[in-house]
Amino acid sequence: SDVCSSDLSDFLVARLRPDGTLDTDFCNGHGYRTVAFDLDEGTSGQMTDTALRLLLQPDGKIVLTGSASNGAANGDGYDFAAARLRPDCSLDPTFGTSGKLYGRFAGAFTYNQATDASFGGSGIVLSGYAASSYDTSGQPTDGQFAVAMIRIDEIFGNGFDP
């Protein structure tokens with residue numbers, strides 16, 4: 001798989017050595033890996049995927065969570081997003097659809113972002129916000145706290161029922 005894509009922004013995971021240099025023993029010699037959701041590909045959307053949290057599972061798998069812009073054709077907002085990589089940096093096909101999943105905390109809100117994540121119970125707990133609009137400074141005007149759990153022992157398709 002490609003390490004980089006031409007999107008405006010993608011999820012990124014990298015490993016550094018103690019001296020701060022890129023660890024090229026990680027991710028097949030690259031030292032880093034990007035993950036593109038491309039939910040707004042072919043629309044007027046921004047193609048902006050933002051990882052905000054990294055979780056390292058005991059088995060060495062890496063979970064990245066954040067948001068993915070979904071484009072004008074899909075509501076012109078953001079979905080919360082998560083991706084799981086195997087220790088070799090390949091997407092884990094047992095997680096979501098081909099290693100990625102996304103959705104909305106609440107169907108009526110077009111801006112959904114997972115700002116934090118942690119392991120809890122039998123899954124990954126995402127917390128963040130859901131809003132339907134932003135003010136001129138980029139702050140949600142009607143945002144609400146949001147939470148969701150991703151069960152790590154089940155496979156989800158893309159999207160969640162509101």
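Up top you'll find the structure we're talking about.
Description of the structure in this document. (Residues numbered from 1 in each chain as written. Predicted model: local features only at pLDDT ≥ 70, side-chain atom pairs only at ≥ 80, totals over all residues. Heavy atoms only, no water.)

## Brief notes about the overall build of the protein chain
Right, so step 1: Within the protein chain, the secondary structure is distributed over zero helices and nine strands.
Right, so step 2: In the protein chain, the succession of helices and strands from N to C terminus is β-β-β-β-β-β-β-β-β.
Right, so step 3: Classification of the 162 residues of the protein chain by burial places 42% in the buried group.
Right, so step 4: Intrachain contacts of the protein chain at a sequence separation of at least 6 include 47% that bridge at least 24 residues.
Right, so step 5: For the protein chain, the exposed surface amounts to about 8,200 Å²; the carbon and sulfur share of it is 50%. (Helix = DSSP H or I, 4+ residues; strand = E, 2+ residues; numbered from the N terminus. Buried < 20%, exposed > 50% of the residue type's maximum accessible area, 1.4 Å probe, protein only. Contact = heavy atoms within 4.5 Å. Areas by Shrake-Rupley, 256 points an atom, 1.4 Å probe, with all protein chains shown as cover.)

## Here we look at the nonpolar core
Right, so step 1: Phe80, Phe95, Leu101, Phe105, Ile124, Leu126 and Ile150 are the most contacted members of the largest nonpolar core, which has 15 residues in total.
Right, so step 2: Sorting the residues of this core by element identifies β5 (78–85), β7 (111–120), β8 (123–131) and β9 (144–151) as the ones contributing at least two each.
Right, so step 3: A per-element tally of this core places β8 first, with three residues.
Right, so step 4: Excluding its chain neighbours within four sequence positions, the residues that come into contact with Phe105 are Phe80, Asn112, Gln113, Ala114, Leu126, Gly128, Tyr129, Ala130, Ala146, Val147 and Ala148.
Right, so step 5: Residues Val13, Cys27, Val35 and Ala68 belong to the second largest nonpolar core, which totals 14 residues. (Core = buried A, V, L, I, M, F, W, Y, C linked by side-chain atoms within 4.5 Å.)

## Quick notes on the state of the cysteines
Note on terminology: disulfide describes a covalent bond linking the sulfur atoms of two cysteines.
Right, so step 1: As enumerated under the stated definition, the model contains one disulfide in all.
Right, so step 2: Residue Cys27 pairs covalently with Cys89 via a disulfide, S to S 1.8 Å. Between Cys27 and Cys89 the disulfide shows an S-S torsion of about -60°. By sign, it is left-handed. Residue Cys27 is located in the loop between β1 (11–14) and β2 (32–35), and its partner Cys89 is located in the loop between β5 and β6 (100–103); the two are separated by 62 residues in the primary sequence. Across this residue pair, the class does not change: Cys27 and Cys89 are buried. (Disulfide = S-S within 2.5 Å.)

## Some thoughts on unusual backbone geometry
Right, so step 1: The phi torsion at Asn28 lies on the positive side, around 55°, for a residue other than glycine.
Right, so step 2: In this fold, Asn28 is placed in the loop between β1 and β2.
Right, so step 3: The exposed category is assigned to Asn28, whose relative accessible area is 66%.
Right, so step 4: If you check the backbone angles, Cys89 has positive phi at about 80° while not being a glycine.
Right, so step 5: For Cys89, a relative accessible area of 3% corresponds to the buried category.

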